Amino acid sequence: MEPFIRSDQYHFLKQQLRHIVQTNALVNDREMVRTVQGLAMDKMKDVFHGLTDLQKRLLEGMTELEDRTDVEMFEARILPLVHPFEMPEEGEVRSLFPHLSRVKTPVLGTGVDRRDLTYVSWFDPGLDRKFIVTYREGFLTGMEGSFTYSGRKNMCVICREHEYVGLFVTDATAYKRKGNYVCKDSITCNRNITDQKHLHKFMDDIKR
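Residues numbered from 1 in each chain as written. Predicted model: local features only at pLDDT ≥ 70, side-chain atom pairs only at ≥ 80, totals over all residues. Heavy atoms only, no water.

Examined against the element boundaries, S121 turns out to sit in strand 1 (residues 119-124). S121 gets classed as buried once you look at its relative accessible area, which sits at 15%. Within the structure, S121 has its side chain in polar contact with the side chain of K130 (distance 3.1 Å). In terms of polar contacts, S121 uses its side chain to reach the backbone carbonyl oxygen of F131, at 2.7 Å. Once you skip the residues sitting within four places of it in the chain, S121 turns out to touch K130, F131, I132 and S186. (Helix = DSSP H or I, 4+ residues; strand = E, 2+ residues; numbered from the N terminus. Buried < 20%, exposed > 50% of the residue type's maximum accessible area, 1.4 Å probe, protein only. Polar contact = N/O pair within 3.5 Å; in protein donor to acceptor, adjacent residues only side chain to side chain. Contact = heavy atoms within 4.5 Å.)

Right under this line is the structure:
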């Protein structure tokens, strides 16, 4: 079977799996467990569209899991079906930011699985800029701005979790600057993302 799961969808599935297993462990009421399983299936249908019958049957197996061992085995089955993030080449990155010279291509650290990534982000100390690059409907897009680390946890506008964040600010126009708080650690942020729409909304809002 070819990959058909996005990174954010994979993390969404993992979130639902944890919820189902926790319910199984804490609740003796089987009706309640079935209700939680049914809710997870309803949410899954809202996230995945246009699945084949085989893909549907595979994902519906999540409702049959009972403990962490089952979850680990299920995750091992679906991980090969997650699309890995396609790292942009140097020319592609430069074309996104033609107003900047000497833009460096992002380099992933050791141990980073590209299947965990919805976007890539890096800080270029030479330019004193933070870059965020992702794909939307198959096309590469990105933005850059200043980044000031806050030193404390707050809500990240991209992953919607409380993590150590900094203020990302960019020039929306020649006379207006816009920004919001994003995770300092983009890998942690990516692993938290269960819906890519928050990243897309942030990029749209900040460019207006």
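One non-glycine residue, E137, lies in positive phi territory at about 55°. Among the secondary structure elements, E137 is positioned in the loop between strand 2 (129-136) and strand 3 (139-155). You will see that R160, though not glycine, has its phi angle at about 65°, which is positive. Positionally, R160 belongs in the loop between strand 3 and strand 4 (162-171).

For the rest of this paragraph, the subject is the environment of G109. Topologically, G109 is positioned in the loop between helix 5 (90-96) and strand 1. Given a relative accessible area of 46%, G109 falls into the partly exposed group. Sequence separation of G109 and K130 is 21 residues, and the distance between their C-alpha atoms is 17 Å.

Here we come to the layout of surface pockets. Here the largest pocket is characterised by a volume of approximately 360 Å³. Residue lining of the largest pocket: 15 residues in total, with H83, P84, F85, E86 and Y135 positioned closest to the centre. Contributing elements (two or more residues each) for the lining of the largest pocket: helix 1 (7-26) and strand 2. Of the residues contributing to the lining of the largest pocket, the split by class is four nonpolar, six polar and five charged. In this structure, the second largest pocket encloses a volume near 160 Å³. The wall of the second largest pocket is formed by H11, K14, Q15, R18, E161, R191, N192 and T194. Mapped by element, the contributors of at least two residues to the lining of the second largest pocket are helix 1 and helix 6 (186-192). Its residues assigned to classes, the lining of the second largest pocket shows no nonpolar, four polar and four charged. (1 Å grid on protein atoms, 1.4 Å probe; cavity = no way out; pocket = protein on both sides within 12 Å on 5 of 7 lines; lining within 4 Å. Points joined across faces, edges and corners; volume = space filled by probe spheres on them. Nonpolar A, V, L, I, M, F, W, Y, C, P; charged D, E, K, R; others polar.)

Quick look at the packing of helix 1 against helix 2 (residues 30-47) now. How two helices pack is summed up by the angle between their axes together with the distance between the axes. Remark: helix 1 packs on helix 2, axes separated minimally by 9 Å, with the N-to-C direction vectors making an angle of 175°. Considered as vectors, helix 1 and helix 2 are oriented roughly antiparallel to each other. Judged by residue contacts, Q9, F12, L13, Q16, H19, I20, T23 and N24 of helix 1 engage R30, V33, V36, Q37, A40, K43, M44 and V47 from helix 2. Each residue belonging to the contact of helix 1 with helix 2 can be placed in one class, and the counts come to eight nonpolar, six polar and two charged. (Axes fitted to C-alpha atoms, helices over the stretch in contact; angles between N-to-C directions. Parallel < 35°, antiparallel > 145°, perpendicular 65-115°, else oblique.)

Turning next to the packing of aromatic side chains. The tally for this structure, following the rule as stated, stands at four aromatic pairs. Each ring, one from F168 and one from F202, has its centre 6.1 Å from the other, and the planes form 70°; the classification is edge-to-face. Taken together, the positions of F168 in strand 4 and F202 in helix 7 (residues 197-207) put the pair 34 residues apart, joining distant regions of the chain. For F168, a relative accessible area of 0% gives the class buried. Relative accessible area serves as the criterion here: at 5%, F202 is assigned to the buried category. Joined through ring pairs, the aromatic side chains of F97, W122 and F131 make up one cluster. (Phe/Tyr/Trp six-rings, centres within 6.5 Å; stacked < 30°, edge-to-face > 60°.)

With that settled, consider the sheet that holds strand 2. In space, the five strands of this open sheet follow the order 1-2-3-4-5, with antiparallel pairing throughout. Edge strands, defined here as strands with exactly one partner in the open sheet, are strand 1 and strand 5 (177-183). Ignoring which end each strand starts from, the neighbouring axes of this sheet average 35° apart. As defined by bridge partners, strand 1 adjoins strand 2 across six bridges and the pair is classed as antiparallel. Paired with W122 across the two strands is F131, which belongs to strand 2. Where helix 7 meets the sheet, its contacts fall on strand 1, strand 2, strand 3, strand 4 and strand 5, and the angle it forms with strand 2 comes to roughly 120°. (Pairing = 2+ DSSP bridges.)

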